[in-house]
Amino acid sequence: MIVKSMSDALNTGNAEESLLNLAKFSEANAVRLAKELSESLNNSSTGHLHNKIGGQQSQHHYPIPLPASLQQTSNNRIKSNRPSREDSALQTAKACTESILASLTKVASGGSQASSDLRTLETARRQTDAAAKDVQDALSLRKLASYATDALGARRYADAARAVSDYEKVHPSERAKVIAGPHAIRAYERAKDVLQRTVLEQYESAVSSSNLKGLSELTPLLGMLDLADKGVGLYLRFSQNTLGNMIESDLKQGASNRNLDEEENETSAMAVCSQLAKIFNVAVTHLRHHLPMVAFSLGSADGDAAMVQLVHAEVENRAIEIIRNFMSAQRLGVLHSKAKGVGDRMEERYLSEEALDEGVYGGEDGGGFMGMTSTTNVPDKSMRLEGIDDCGFKAELGTFMNMNAKLDEIALLMQHTESYERFIRHAVDEVNKARELRKTQRREEKKRQWLEQLVNEGKDATLEESEKFDLMEMKAQADQRVQDVLPPQTQLNEVVAEVGGYLSVMERALLLANFQRAFFKVSIPDDRNYTPITILKATRSPNAAGCLALQTILVEECLYAAQQSTLRAFATGHSGTASVAANLSCDVLGRILLQFMSQRAEAGSALLKPGDGLISGQGGLGQAALSVMSTAQKGLSNAAKGRRGVVGSDDNEDERALMKKRVEEGIARSCASLNDLEVAIDYTQRLEEKLVSEMESTFPPGKRPTEQLQKCIKELSTVTDAYRSASQDAAENLVAIIMPRVRSIVSECVGQDAAPGTSFMTSGTSVVSTVRMNYNLDDEAYEMAQISEGYMARLCQLLDELLDPLRVHLAPSLSDAVLLGMIGGASKRLEAAIKKSQFTALGALALDSDIRSFINFIKDRVDSEALLSSATLYKTCNSLARLVQISHLMNVDDLEDVLDLISSSKRKNMWDLTLNDAKAFLNLRVEFESRKVNELLQEWN
């Protein structure tokens, strides 16, 4: 069998034969490869190679003898087809393995010889390349030395400097220097020395004469000639003189253009800002024109860093002097002390526990408590505001207009300084980047030379050697401490921070004064203090909750003052001042304004107390409503006296209409004090969004001060939560105030009140309640209940009369909260009444109908779409959910259905009745025996 490939050798039916064929194929392949390798290496004849390797072999085989075991196995297989004891499978496998190993050994010996020859050739090639490079370097040295000498003679200094720079980049070996000759090296050294002295002399002359053109031409040559260290000092001297002259010139020109006398120059904030602007502009212009060239030409000697330091030092000295003079002339230190005292007194006034008792919130002002119950406009409102006790603000700090103007001037000054600060910090960042780039370039060049030296020494430039060099460089750089271009906190930063501190304290006093002014304005009765609520959609239904809701000007004025104060601090660009302003707004909004609005909400709720306030109770209108009506009656009577004729029935109708209108206005204004909390929630969220947007457009992202400012702004979310909590508390307080009337209504309707009826005001009519709760119905009583008005309709009517004035004048969320609170109280009262009743099967159906009517009544009056879902409504009002569960429990047809009802309701997490509750209500069904009820529920338990 002729074997042409390994697959052919294995394509037999016998494993032993396949191994033997594989060994023969490996032998033949090894002979062929050895022949080719030997011929390529030695280029000798086949006969010579034949004698050297193996002695005499047949002409068909290359003389690589087979192992004896394999030859024996082969001969035995030829002699006999039957395998002998020696011709076993193990022997055949061993023989094949020895054959393959022998073949590979011969191939490896030839490969070792080839590797040795290749290394010899590689060494020779390296030596030849090194010799060629040395010759090339020698020729370059001669050419550059000659070119530098010629250019220097022709006074082409730039060309000569480039030739000198290129000469130093050659990095020749000792052999290359010998080949170039000593005359070339001496010519180069002489040309370089003369060129250095000449360029340096001309550079000094250009600096002395402020020859900008000469400096522009010679500065790039300094780095090429190793004169960067000397050039830096000269260029800084030129920059200092030029910068000082330009600043002085611009300041003098600005003073002459303004045509101001010396005293006004010192005190005018606009003049100070103009001076700072000219200084900063000169510095910025100088750096923009000169820093790129200095960084390129003198960067190796840190000339760019020195340039930035010089410019900043010149600017800082002058700017600090101007700002100090401004602070002294404007007496900011004195104003700071006064503003702090005024602010502390205002804060103590409004945060003290006696604030409400002492009348600092407006108190009784002849027109109603805190301006909510009186409807009489005050013509001398501005005079009353001027006469208020402002804690010494006007006497010590001046008017609001003057204080605002002064703070604007200070903010403008800080804005100019911060603009320069950002530019100089940007220049520092760019210098640091250039430093890092030059450091990287030097490290890479040093690494290249080091690896090249290894190659010249006959060593391998492996990855390990490269990493070893990087490690040594990192250690060396760690020991070297690079000096900062500018310190993190300069003297100019400290002065600006001091001005920012003055601004913050004065801003606090002004903000508290604005709040105080808003507090007094809203406490004076005036129609202009009330506007329709602005946080609702304009497309709402005219009969929806909050359709007549009002709000006061309190929240708008206070939030506007806080926004103006904070945005003014943001406009300075100083992150520290902006953070203080944001914290100040959070503090004032979250403490002083919150407490004031909470007190107003509590007072407004008190005025709405049924029977004692503006809402009618069991005994009719209260004292507050009667006081309003009396005022309206006096006004109408005075108007009637001025008319001619006799006062008749029309006047009485006008009087009743006017009194009704005044009461409604009083209710609306009382509700406005609660609505202000909801408006504050919305306005505070808008303020936070506004400040976040302003921060993103004003302050650089990713910086630590910016992140700190963002955290300060996020504190407004805490203020929003505080307003939301206060709004919920106000709604609960109002519910607690009207809850006695709700209980009274339920008691009257279900028949638990001893009074024969209830008189209530609805369009001037009086209605007496005569229907009582009764669920012990037979067929005739059930039919009568279906065609007559039951107690539930009467209950819903009375609750609606109590709720409707609040629902239309409260914000929707507050209206829903009050409604659910009332329904919760009514539901508890109804549950107590149900426990005292007896039920027939028809009575249980009547109860289910009444509960459904009650739920429909509630859903018709809620505003939130979520509460239209029964499941959400039940979760929100647990007492109502219990009523529904009681209705379901009472309407079971058989006691056996009770367990299924309870189990299915529990799986839905909609069952709140306890075992005792279930027993008590099931025992009310006259058809169910008490014994069976107890036994059934005992099994369930």
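**Points about the overall build of the protein**
Here is step 1 of the chain: Looking only at helices and strands, one finds 33 helices and two strands in the protein.
Here is step 2 of the chain: A sequence separation of at least 24 residues applies to 77% of the contacts in the protein between residues at least 6 apart.
Here is step 3 of the chain: Element-wise, carbon and sulfur atoms account for 50% of the exposed surface of the protein, whose accessible area totals about 48700 Å².

**Examining a positive patch on the surface**
Here is step 1 of the chain: On the surface, R743, K828, R829 and K836 cluster together into a patch of positive charge.
Here is step 2 of the chain: K828 sits in the exposed class, given a relative accessible area of 56%.

**Points about the packing of helix α26 (residues 791-809) against helix α27 (residues 812-834)**
Here is step 1 of the chain: For the pair α26 and α27, interaxial distance at closest approach is 11 Å and the crossing angle is 150°. Of the possible angle classes, the one that applies to α26 and α27 is roughly antiparallel. By crossing handedness, the relation of α26 to α27 is classed as right-handed. Where α26 abuts α27, its residues Y791, M792, L795, L799, L802, L803, L806 and R807 lie against S815, V818, L819, M822, A826 and L830.
Here is step 2 of the chain: Here the residues of the contact of α26 with α27 sort into 12 nonpolar, one polar and one charged.

**With respect to the side chain of S905**
Here is step 1 of the chain: Secondary-structure assignment places S905 in helix α31 (residues 896-907).
Here is step 2 of the chain: Of the polar contacts made by the side chain of S905, one reaches the backbone oxygen of L901; its length is 2.9 Å.
Here is step 3 of the chain: Every residue in contact with S905, bar those within four places of it in the chain, is listed here: M910 and W911.

**Comments concerning helix α6 (residues 157-168)**
Here is step 1 of the chain: Look at α6: 17 Å from first C-alpha to last across 12 residues, which is about the 16 Å you get at 1.5 Å a residue.
Here is step 2 of the chain: Listed in full, the buried residues belonging to α6 are Y157, D159, A160, A161, A163, V164, S165 and Y167.

**Notes on the nonpolar core**
Here is step 1 of the chain: Of all hydrophobic cores here, the largest spans 222 residues; its most connected members are L589, L593, L830 and F854.
Here is step 2 of the chain: In contact with L830, not counting residues within four places along its chain, are V746, V750, M773, Y791, M792, L795, F854 and L883.

**With respect to unusual backbone geometry**
Here is step 1 of the chain: Despite not being glycine, R155 has its phi angle at roughly 60°, a positive value.
Here is step 2 of the chain: Position of R155 relative to the elements: it lies in the loop between α5 (89-153) and α6.
Here is step 3 of the chain: Unlike most non-glycine residues, D226 shows phi in positive territory, near 60°.
Here is step 4 of the chain: Tracing the backbone through its elements, the reader meets D226 in the loop between α9 (212-224) and α10 (228-258).

**A few points about the confidence of the model for the protein**
Here is step 1 of the chain: For the protein, mean pLDDT is 80; residues scoring 70 or higher make up 77% of the total.
Here is step 2 of the chain: Within the model, pLDDT remains below 50 along residues 632-636, and this stretch shows eight contacts once partners closer than five positions in the same chain are excluded.
Here is step 3 of the chain: Across residues 754-769 the pLDDT falls below 50, and counting only partners more than four positions away or on other chains, this stretch makes 32 contacts in the model.

**Some points on the packing of aromatic side chains**
Here is step 1 of the chain: With the rule as written, the count across this model stands at 11 aromatic pairs.
Here is step 2 of the chain: Aromatic pair Y167 and Y188: ring centres 3.6 Å apart, planes at 15°, arrangement stacked. Highlighted residues: Y167 in helix α6 and Y188 in helix α8 (residues 182-208), separated in sequence by 21 residues.
Here is step 3 of the chain: The class of Y167 is buried, set by a relative accessible area of 10%.
Here is step 4 of the chain: Overall, Y188 belongs to the buried group, its relative accessible area being 8%.
Here is step 5 of the chain: The interplanar angle of 10° and the centroid separation of 4.8 Å between the aromatic rings of F280 and Y420 together place this pair among those described as stacked. Of this pair, F280 sits in helix α12 (residues 269-298) while Y420 is found in helix α17 (residues 400-456), placing the two residues 140 residues apart along the sequence. Residue F280 shares its accessibility class with Y420, and that shared class is buried.
Here is step 6 of the chain: Each member of the aromatic cluster is reached from another via a ring pair, and the members are Y350, F515, F519 and F596.
Here is step 7 of the chain: The positively charged end of R517 is found above the aromatic ring belonging to F400, 5.3 Å away from the centroid.

**As for a negative patch on the surface**
Here is step 1 of the chain: Residues D893, D894, E896, D897 and D900 make up a contiguous surface patch of negative charge.
Here is step 2 of the chain: You can see D893 is positioned in the loop between α30 (878-890) and α31.

**Some points on the pattern of salt bridges**
Here is step 1 of the chain: Applying the stated criterion to the full structure yields 40 salt bridges.
Here is step 2 of the chain: Measuring nitrogen to oxygen at the nearest pair gives 2.5 Å for the salt bridge that ties E347 to R591. Here the residue E347 occupies a position in helix α14 (residues 332-351), and R591 occupies one in helix α21 (residues 575-607), the gap between them amounting to 244 residues.
Here is step 3 of the chain: For E347, a relative accessible area of 17% puts it in the buried group.
Here is step 4 of the chain: Owing to a relative accessible area of 33%, R591 belongs among the partly exposed residues under this scheme.
Here is step 5 of the chain: Note that E748 and R741 form a salt bridge whose closest N and O atoms lie 3.5 Å from each other.
Here is step 6 of the chain: Residue classification places E748 among the buried residues on the basis of a relative accessible area of 4%.
Here is step 7 of the chain: R741 gets classed as buried once you look at its relative accessible area, which sits at 8%.
Here is step 8 of the chain: The structure contains a network of salt bridges with shared partners spanning K340, D344, E347, R508, D587 and R591.

**Overview of α21**
Here is step 1 of the chain: The first and last C-alpha atoms of α21 sit 46 Å apart over 33 residues, in line with the 48 Å expected at 1.5 Å per residue.
Here is step 2 of the chain: The principal kink in α21, of about 35°, is found at L594.

**Things to note about the environment of L842**
Here is step 1 of the chain: Relative to the helices and strands, L842 is located in helix α28 (residues 841-861).
Here is step 2 of the chain: Overall, L842 belongs to the partly exposed group, its relative accessible area being 21%.
Here is step 3 of the chain: Here the alpha-carbon distance between L842 and D779, two residues 63 residues apart in the chain, equals 7.5 Å.

**A few points about the packing of helix α24 (residues 704-750) against α26**
Here is step 1 of the chain: Where α24 contacts α26, the axes come no closer than 8 Å and their chain directions differ by 160°. Classed by the angle they form, the pair α24 and α26 counts as roughly antiparallel. Crossing of α24 over α26 shows right-handed handedness. Facing I738, R741, V742, I745, V746, E748, C749 and V750 of α24, the residues of α26 in contact are Y791, R794, L795, L798, L799, L802 and L806.
Here is step 2 of the chain: Its residues assigned to classes, the contact of α24 with α26 comprises 12 nonpolar, no polar and three charged.

**Quick word on the state of the cysteines**
Cysteine pairs can be linked by a disulfide, which is a covalent bond between their two sulfur atoms.
Here is step 1 of the chain: The final tally for this structure, using the stated rule, is zero disulfides.
Here is step 2 of the chain: Counting only cysteine sulfurs, C586 is the nearest neighbor of C712, a cysteine outside any disulfide, at a range of 7.7 Å.
Here is step 3 of the chain: C712 gets classed as buried once you look at its relative accessible area, which sits at 8%.

**Quick word on a nonpolar patch on the surface**
Here is step 1 of the chain: Residues V135, L139 and I179 make up a contiguous nonpolar surface patch of about 250 Å² in total accessible area.
Here is step 2 of the chain: You can see L139 is positioned in helix α5.

**Observations concerning the environment of G501**
Here is step 1 of the chain: Checked against the element boundaries, G501 lands in helix α19 (residues 491-523).
Here is step 2 of the chain: Spatially, the C-alpha atom of G501 lies 8.6 Å from that of H336, the residues being 165 residues apart in sequence.

**Some words on the environment of A722**
Here is step 1 of the chain: The topology assignment puts A722 in helix α24.
Here is step 2 of the chain: Given the relative accessible area of 26%, A722 is considered partly exposed.
Here is step 3 of the chain: The spacing of A722 and L677 is 45 residues in sequence and 9.8 Å in space, taken between C-alpha atoms.

Conventions used here
Residues numbered from 1 in each chain as written. Predicted model: local features only at pLDDT ≥ 70, side-chain atom pairs only at ≥ 80, totals over all residues. Heavy atoms only, no water. Helix = DSSP H or I, 4+ residues; strand = E, 2+ residues; numbered from the N terminus. Contact = heavy atoms within 4.5 Å. Areas by Shrake-Rupley, 256 points an atom, 1.4 Å probe, with all protein chains shown as cover. Patch = residues over 30% accessible without salt bridge, like charges linked within 9 Å, V, L, I, M, F, W, Y side chains within 5 Å. Salt bridge = Lys/Arg side-chain N within 4 Å of Asp/Glu carboxyl O. Lys, Arg positive; Asp, Glu negative; His and termini not counted. Charge placed at Lys NZ, Arg CZ, Asp CG, Glu CD. Buried < 20%, exposed > 50% of the residue type's maximum accessible area, 1.4 Å probe, protein only. Axes fitted to C-alpha atoms, helices over the stretch in contact; angles between N-to-C directions. Parallel < 35°, antiparallel > 145°, perpendicular 65-115°, else oblique. Left-handed = near helix turned anticlockwise from the far one by under 90°. Nonpolar A, V, L, I, M, F, W, Y, C, P; charged D, E, K, R; others polar. Polar contact = N/O pair within 3.5 Å; in protein donor to acceptor, adjacent residues only side chain to side chain. Expected span 1.5 Å × (residues − 1). Core = buried A, V, L, I, M, F, W, Y, C linked by side-chain atoms within 4.5 Å. pLDDT = per-residue confidence, 0-100. Phe/Tyr/Trp six-rings, centres within 6.5 Å; stacked < 30°, edge-to-face > 60°. Lys NZ or Arg CZ within 6 Å of the ring centre and 35° of its normal. Bend = angle between axes of the 7 residues up to and from the residue. Disulfide = S-S within 2.5 Å.

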